[in-house]
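# Reading the structure
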Amino acid sequence: MKFFRFPRLGTLSVHFFLTFRMMKYRVYLLILSLLAFPFSGKSDEVVLTVDFSGEGKPLTNFWRASGFTPGVQLLREDMQLTLDYLAAIPHEGIRYLRPHWLLNMVRVEDPYGDDPEYDFSVLYQALDEMVKRDLKPVFEVMGYPRILGEAEGGTHRQGAMRWVPDFKKPAEIQRWHDFVRALVSGLEARYGREELLTWYFECTNEPDGSDHFWDQGIPALLNYWDATGEAIKSVHPEYVFGGPGNAHLLSETFKAVLDHAENGANAITGERGSVLDFISVHHKARPYQMIRMERQSFRYVREHHPALAELPFWNNEADPTWGWGEAMWWRPNAWYAAFLVQSVETHLRLLIDREEINYGYLVNDHNFLGDWYQRTLLARFSAEANPSRFQLLPKPVYYGMALLSFAEGTRHAVEGYSSEESPVVLLAVRRDSGEILLLLAHGPDFGDPRDQVRHGPETAEAQQRFLESQTVSGSIALTGHSFTDPVYTHIRLDQEAGNAYGRWQELGTPAALDHKTYRELLSAGQPVLARHNTAWDGNPIPFSIRGAGVSLFVISERGAAEDAPAPVIRKVTSYATPDGKWQDFIRWTDPADRVVAYDVWASHDGGAYEKINARPVLIQGFAYPRPEGVETVSYRVERRME
Ligand code: 8U8
């Protein structure tokens, strides 16, 4: 059995000079972990059944989003390669991005004069990077223009003198209104009305969170709200504005915004009520705990503001815990991918079905730039001497988003969970293509994902041991389908399959990656095609997952994708690597609306085409560290049938 050690944990077990207090603390921790994991080594046997004969319920991807901060990172090349990766997730599996502080990119001269001029060019440059990849913002109206020239009356914020209105003063509220109107009109002129109708505008992030986000109190926030909402609507009444994206469950700010939206005196129109097109909250927890928090927030709305209860309800920072930058051992592992699937499945089963919530978007804030242990989709490697050059390795959480992207169509009920809070969940979907998709996730609850930050490495080790001792096996029985010559495909992501982090550890945790290692780790991280278009006899499909994992089973009619036109390469972008070489990212689209595995072929300097992927590619993109000395490369992408 492979045991993947967290490198920062290994050395800490032997300490000769423990103080008495530390000893006491360790004994306490030991007792705590024994109490927390009384059933170590649990092995579940589960028989799941799905009947596809009924109509099912429509399922569209309501989790196709991510977030990061600050927005100015869009101008960095490592974020741009990250965006290439997001755009390569099939079926627009990530379409929306929610960056903070976008307005810090705006510049203004003479903000207090009669006719202030705003310069949006840097903001446009940043948004262009998203829009050209078909990514759309959840546009938080957040941040403050930087003052050019004389900055009299400005406020020092985020490294510059900025125009920060006092939202208690009517003249400044009006000025902010006019600024937001100029902003949205400018966006409309640049990107078009049709495009903006697909965006979302949101208030400033977590106004009940730290002062860093909002420090003017609730009455001023409500004035900001009116000015922002009315300005957006004045450009087009169907542009969407919502919030409040509160950090704390049922906070005063959350309640005040709801009350103001329904009953408040509007600071701009003088009428009753304010704009609120969707309600957003931030509840970060393990899936079943997260559901309880969202249920509490939603029930508050239904009870106190029934008029708002039909609005789309979002959790747009639906992470396992807060603290994106703090190291957590489970982030490079399949548990985080399983968490995503569990989160989607529990939202459907326990909130959307039971509470009849009009659910908006479930957004994980997981697109930060950082390492294996931080809240990132890709682990970043770079040389200290040249931080603008980098290599990126997709983590299981990235491929989790990719596997989830296929889950659209009609969903069918699953029977056979051992309890309502089952550690193994299944999404059963019939796609419009006719494929049946079974997305199975095993994400055992190992305790609080923050415990490593609170209690240190021993707790993390205990959690990891517990997780790895949990296995589940069983089968999925299907009825009510009508295939004539079915085949099935099995894609795995777990401790053995798609574990680039594990391979990186076996290689001795190199801080810098040479080209060969980079290529090897890119390949090791890909989910594994355990079976591909294998005849299916209709019998229950067996599964087995040790530790955390995600398994995607796809059942389809044999040869169904064979006649579809070939995939089309959309873009090849070159980025420098830390060792002075080049990597190309090849991105394509595929007219076949199916779960497909690809091969990528390259011709170097006009030579014969050779296959450059060691293993089948399951996304619509491929990073290729180019061999040294090669000047031009042409690419071709093919669907793999066998
Ligand atoms: C300390 C803290 C507690 C909490 O409940 O929520 C927080 C949210 C806390 C600190 C920061 C905070 O900011 C949001 O969450 C961040 C995070 O790292 O979890 C980021 O994901 C977000 O950008 C930020 O909105």
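Structure: see above.
Residues numbered from 1 in each chain as written. Predicted model: local features only at pLDDT ≥ 70, side-chain atom pairs only at ≥ 80, totals over all residues. Heavy atoms only, no water.

### So, helix H5 (residues 170-191)
Put simply, the test is: Secondary structure elements are taken from DSSP: a helix is a run of H or I of four residues or more, a strand is a run of E of two residues or more, and numbering for both begins at the N terminus. To estimate how far a helix should reach, multiply one less than its number of residues by 1.5 Å. We call a residue buried when its accessible area falls under 20% of the maximum for its residue type, exposed when it is over 50%, and partly exposed in between, using a 1.4 Å probe and counting protein chains only. Note on contacts: a residue pair qualifies if any of its non-hydrogen atoms lie within 4.5 Å across the two residues.
For H5, spanning 22 residues, the distance from its first C-alpha to its last is 31 Å, which sits close to the expected 32 Å at 1.5 Å a residue. Within the sequence span of H5, burial applies to Glu 172, Ile 173, Trp 176, His 177, Phe 179, Val 180, Leu 183, Val 184, Gly 186, Leu 187, Glu 188 and Tyr 191. Elements in contact with the buried residues of H5: strand S6 (117-119), helix H4 (121-131), strand S7 (136-140), helix H6 (193-196), strand S11 (200-202) and helix H7 (217-235). Positioned one or two residues after H5, Gly 192 has a phi angle of 95°, which is positive.

### Here's the deal with the sheet that holds strand S25 (residues 528-535)
Defined as follows: For two strands to pair, DSSP has to find at least two bridges joining them. The convention used is that axes are lines fitted to C-alpha atoms, helices contributing only their stretch in contact, and that angles between N-to-C directions extend from 0 to 180 degrees.
Across the sheet, which stays open at both edges, the seven strands sit in the order S2-S19-S21-S22-S27-S24-S25 with antiparallel pairing between neighbours. Of all the strands in the sheet, just strand S2 (57-59) and S25 have a single pairing partner and so form its edges. Mean inter-strand twist for the sheet, computed between neighbouring axes without regard to direction, equals 25°. Relative to strand S21 (residues 424-430), strand S19 (residues 409-411) runs antiparallel, the two sharing two bridges. Looking at S21, one finds that Arg 411 is bridged to Val 429. Lying on the sheet, helix H11 (residues 396-404) is in contact with S21, strand S22 (436-442), strand S24 (486-493) and strand S27 (549-557); it crosses S24 at an angle near 155°.

### Thoughts on the site of the ligand
Filter applied, for reference: Here a residue is considered near a molecule or strand provided that any single heavy atom belonging to it is located within 4 Å of it. Identification of polar contacts relies on pairs of N or O atoms within 3.5 Å, with a donor-acceptor requirement for protein atoms, meaning one able to donate a hydrogen and the other able to accept it, and with residues adjacent in sequence counted only if both atoms are side-chain atoms. All accessibility values rest on the Shrake-Rupley procedure with a 1.4 Å probe; residue burial counts only the protein chains present in the view. Three classes are used: nonpolar for Ala, Val, Leu, Ile, Met, Phe, Trp, Tyr, Cys and Pro, charged for Asp, Glu, Lys and Arg, and polar for all others, with Gly counted as polar.
Residues in contact with the ligand, as listed here, are His 100, Asn 205, Glu 206, Phe 213, Lys 284, Glu 317, Trp 322, Gly 323, Trp 324, Asp 365, Phe 368 and Arg 375. Glu 317 is positioned with one of its side-chain polar atoms (N or O) 2.8 Å from an oxygen atom of the ligand. Contact distances for the ligand include 2.9 Å between an oxygen atom and a backbone N or O atom of Gly 323. In the complex, the protein chains occlude 72% of the 520 Å² of accessible area that the ligand would expose alone. Among the residues making up the shell around the ligand, the classes are represented as four nonpolar, three polar and five charged.

### Quick look at the pairing of strand S3 (residues 65-68)
Our working definition: A right-handed crossover is one whose linking path, passing over the helix from the first strand to the second, runs clockwise when the strands point away from the viewer.
Taking every second residue as pointing to the same face, both faces of S3 are buried, with Ala 65 and Gly 67 on one and Ser 66 and Phe 68 on the other. Pairing between S3 and strand S4 (residues 96-99): four bridges, direction parallel. Along S4, the bridge assignment pairs Phe 68 with Pro 99. Handedness of the crossover is the feature at issue here: the chain leaves S3, passes through helix H3 (residues 77-87), returns alongside S4, and the resulting connection is right-handed.

### Considering the sheet that holds strand S30 (residues 597-604)
Strand order across the open sheet formed by three strands is S31-S30-S33, with antiparallel pairing between neighbours. Each edge of the open sheet carries a strand with a single partner, namely strand S31 (610-611) and strand S33 (633-640).

### Observations concerning the packing of H4 against H5
Geometrically, a packed helix pair is captured by the angle between its two axes and the distance between the axes. What counts here: Each angle receives one of four descriptions, namely roughly parallel if under 35 degrees, roughly antiparallel if over 145, roughly perpendicular if within 65 to 115, and oblique otherwise. In this scheme, a crossing is called left-handed if the near helix is turned counterclockwise away from the far one by less than a right angle; it is called right-handed if the turn is clockwise.
Interhelical geometry of H4 versus H5 gives an angle of 45° and a closest axis separation of 12 Å. As the angle between them shows, H4 and H5 are arranged oblique. In terms of crossing hand, the pair formed by H4 and H5 is right-handed. Contacts between H4 and H5 involve Leu 123, Tyr 124, Leu 127, Asp 128 and Val 131 on the former and, on the latter, Leu 183, Gly 186, Leu 187, Arg 190 and Tyr 191.

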